Amino acid sequence: MANYYTDHPEIAFHLNHPLMKRIVELKERDYADKDQFADAPVNYEDAIENYKRILDITGDVAANIIEPNSEDVDLEGPHLVDGRMVYASKTFENLDATRKAGLWGISMPRRYNGLNIPNVVFSMLSEVISAADAGFQNVWSLQSCIDTLYEFGSEEQRQKYIPRIAAGETMSMDLTEPDAGSDLQRVMLKATQDEDGTWRLNGVKRFITNGDSDIHLVLARSEEGTKDGRGLSMFIYDKRDGGVTVRHIEHKLGIHGSPTCELVYKNAKAELCGSTRMGLIKYVMALMNGARLGIAAQSVGVEQEAYNEGLAYAKERAQFGQKIVNFPAVYDMLSRMKAKLDAGRSLLYQTARYVDIYKSLEDIARERKLTAEERAEMKKYTRLADAFTPVAKGMNSEYANQNAYDAISIHGGSGFIMEYKCQRLFRDARIFSIYEGTTQLQVVAAIRYITNGTYLAIMKEMLEAEVCDCMKPLQARVAKMVEQYEAAINAVKDAQNQEVHDFLGRRLYDMTAEIIMSLLIIEDASRAPELFKKSAHVYVRMAEENVQGKAAYIQNFKAEDLAAFRAVETETAE
């Protein structure tokens, strides 16, 4: 039988990364759970075997239940019945299968009935489920919202809610409103307190993924008279308490299995999560970074499935007396799809590893004081995770769109026919570069690390890594790209013009990502040439083509050129 994990050995390769030993050591607290919990690992090798088992189970469920259900879910979609969202019938089957397989409470400690799985493995699980059905991946992966409750909620709240998620109850994060999309400072859903201290929520939330879930994390305005982020707090809403109805389910281009709801809060009882006034400033930032990593994993899953569909069709379809997979125009597309997939996956898992180390150290700091070395380690990996997350989310979401587009191109006219899966992958992928922060917002998040030299320092350090002889010529080519990149950054800074800086930011961002992914895929190919050598050659050439073009564009750009690009004179919102 098919298995979406074991069919792709490139995933398992990343379980052998040198940082995994440190991640497992921190996550397992030197295997302290082994005497209390039967499923807890006793050493590093045992932990890795545990991860492989859960990945194997997930790969089986994804290939043999979720994927076969995906077409029916796409056609049926969720329903609105008496103010409640009802999933597509096959979505209930998917939920039941993942619950029976024990695929809930993934990241939570075992004392709350969780599996204590690190982020990097959770990202692998998300990728596998997304390859089967990106819409269902949303429903399933939103369980990661519990991380924010675990980090900032009280012990009483942890004991109350985490076991329910581990048992398979669903979650959502209710942030967006009709007048507050990317600009969450404009959130106006009102939070007030009764005389007995009970919090009540009133207002409307819009575009809420999995919006009729069991447990919601809600951003609301708790400070009367405020109009910015300092007046916002985070709340926990339990569907069992009532007070929230679904007014509308959006009819979307893709991810039909993932219900996107408009919610009406009417005196809904809620609990404050953490402290007041910290909702946007601290808690949503943590929530969004986790969500962005989830979208990166979702994107890699679709990148993989689009490549699979394109390759399978090209091997079967014959034209002019031969299979089209032999045509240079087709294998050029396929090689680029595979290279983007392998490089994008490497970036995703590298980011997840950085997150794992700093998050584990943060968690340990709740129990004891960190040593000076641990504090320095946490600071280092927090900075790396913050720098890599917007690149992993932005670039993988773009690559998912590109791979899905190319899969249709390979199919030709058949790709435009609804019976072929590639059209659904194309529709599903389009949202990835929009929700949880558009690619433009990922550029905004990354640009300070570009101009302050963070990425440049990372690149130069990576260039010092020892690689096999077969990769040294590619490494030398990337070194030249880094020189062009540094010169481009200096040219933008020397312009001393904020509008020029903002206008060219996307090109610098793309260059950043392409160079870092070139270096990552070179490292992977050096360790496993049988898996990644071809992708390394293709990706570095592709990056070289793009980086050189963007470098020339930046070097030849002048402030007065902006006039040719402005659609209208500058306008401001009232």
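Residues numbered from 1 in each chain as written. Predicted model: local features only at pLDDT ≥ 70, side-chain atom pairs only at ≥ 80, totals over all residues. Heavy atoms only, no water.

Asks: Describe the overall build of the chain, naming the residues involved and giving the relevant values.
Replies: The number of helices and strands found in the chain is 17 helices and 11 strands. The C-alpha radius of gyration of the chain comes to 24 Å, within 12% of the 25 Å expected for a compact globule of 574 residues. Counting only C-alpha atoms and orienting by the principal axes, one finds that the chain spans roughly 70 × 60 × 55 Å. A total of 574 residues make up the chain; the buried ones form 57% of that total. (Helix = DSSP H or I, 4+ residues; strand = E, 2+ residues; numbered from the N terminus. Rg over C-alpha atoms; globule rule 2.2 N^0.38 Å. Buried < 20%, exposed > 50% of the residue type's maximum accessible area, 1.4 Å probe, protein only.)

Asks: For the side chain of Asn94, give the residues involved together with the corresponding values.
Replies: Position of Asn94 relative to the elements: it lies in helix α4 (residues 89–100). Here the side chain of Asn94 touches Asn69 through a polar contact of 2.9 Å, side chain to side chain. Each residue touching Asn94, except ones within four places of it in the same chain, is listed here: Ile65, Ile66, Asn69, Val73 and Phe136. (Polar contact = N/O pair within 3.5 Å; in protein donor to acceptor, adjacent residues only side chain to side chain. Contact = heavy atoms within 4.5 Å.)

Asks: Requested: an account of the packing of aromatic side chains, with residues and values cited.
Replies: This structure, assessed with the given rule, holds 18 aromatic pairs. Between the aromatic rings of Tyr87 and Phe92, the centroid separation amounts to 5.6 Å while the plane-to-plane angle is 80°, which identifies the pairing as edge-to-face. Owing to a relative accessible area of 43%, Phe92 belongs among the partly exposed residues under this scheme. Measuring from ring centre to ring centre gives 6.1 Å for Tyr449 and Tyr455, while their planes differ by 70°; the resulting arrangement is edge-to-face. (Phe/Tyr/Trp six-rings, centres within 6.5 Å; stacked < 30°, edge-to-face > 60°.)

Asks: Any details on the environment of Cys470? Residues and values, ideally.
Replies: Looking at the secondary structure, you find Cys470 in the loop between α14 (454–463) and α15 (472–495). In this structure the C-alpha to C-alpha distance between Cys470 and Lys533, which are 63 residues apart in sequence, comes to 8.6 Å.

Asks: Describe in detail helix α13 (residues 439–451), supporting the description with residues and values.
Replies: Relative to the 18 Å expected for 13 residues at 1.5 Å per residue, α13 spans 18 Å between its end C-alpha atoms, a close match to the ideal helical length. A maximum bend of about 35° is found in α13 at Ala445. When α13 is considered as a whole, its buried residues turn out to be Thr439, Gln442, Val443, Ala446, Ile447, Tyr449 and Ile450. In this fold, the buried residues of α13 make contact with α9 (279–316), α11 (372–411), α14, α15 and α16 (498–527). (Expected span 1.5 Å × (residues − 1). Bend = angle between axes of the 7 residues up to and from the residue.)

Asks: Help me get a handle on helix α2 (residues 20–27), residues and values and all.
Replies: Within α2 the residues assigned to the buried category are Met20, Ile23, Val24, Leu26 and Lys27. For α2, the angular spread of buried residues about the axis comes to 165°, placing them on one side. Once α2 finishes, Arg29 follows within two positions and takes phi at roughly 50°, a positive value. (Arc of directions from axis to C-beta.)

Asks: Outline the pairing of strand β6 (residues 215–221), supporting the account with residue identities and numerical values.
Replies: In terms of burial, β6 is a largely internal element, 7 of the 7 residues being buried. Going residue by residue along β6, you find Ile215, Leu217, Leu219 and Arg221 tucked away on one face and His216, Val218 and Ala220 tucked away on the opposite face as well. When strand β3 (residues 171–174) meets β6, the two strands line up parallel, connected through 4 bridges. The partner of Met171 across the bridge, within β6, is Ile215. Where β6 and strand β7 (residues 232–238) come together, 7 bridges link them in antiparallel fashion. Paired with Leu219 across the strands is Met234, a residue of β7. (Pairing = 2+ DSSP bridges.)

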